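# Overview (structure and organization)
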Amino acid sequence: GDIVLLAKPVTLTEGDRVTLTTDVPVATDGTSKPEKLLYAVSLPPVHGQIEHINYPGVPISSYRQSDVVAQKVSDVHDNSHGASKESLR
C-alpha cells in the first residue's frame, strides 16, 4: 500500500519549540503496525531544526511514528530574525 499523511500547520516564532503530536503529523499505511512508520526529513526547516527531546540541540533527519505518539520529537526555531513561513518536508 498507500500511505496517508495528515498534517496541520504550526506557527513558530523566534525561540519557540513545538512538540510534534499525533495532531501534527499522523500517518497510516494500512498495516497493523503504524508505530513502525519512519519519517525522513528531506527538507529541514530553514530557521531551526527537528530534535529528539532526549538530545536537545542535536538535529535529526528521521524519526518514527512511535516517537510522535510518545511526544519525543520537537521542531525548534533557531532565533534567526526575519524568518518567514516555512514548511517541514
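Calculation rules
Residues numbered from 1 in each chain as written. Predicted model: local features only at pLDDT ≥ 70, side-chain atom pairs only at ≥ 80, totals over all residues. Heavy atoms only, no water. Buried < 20%, exposed > 50% of the residue type's maximum accessible area, 1.4 Å probe, protein only. Helix = DSSP H or I, 4+ residues; strand = E, 2+ residues; numbered from the N terminus. Pairing = 2+ DSSP bridges.

Under an unreviewed UniProt entry, the chain has the name FREM1 protein and belongs to Rynchops niger.

Quick look at the pairing of strand β7 (residues 73-77) now. A regular strand places its side chains on the two faces of the sheet in alternate fashion. Most of β7 is tucked away, with 5 of its 5 residues classed as buried. Here β7 shows two buried faces, one formed by V73, D75 and H77 and the other by S74 and V76. Strand direction decides the pairing type here: strand β2 (residues 17-19) and β7, joined by 3 bridges, are antiparallel. What sits directly across from T19, in β7, is S74. With 5 bridges connecting them, strand β5 (residues 48-52) and β7 associate as antiparallel partners. Note on β7: the bridge partner recorded for Q49 is V76.

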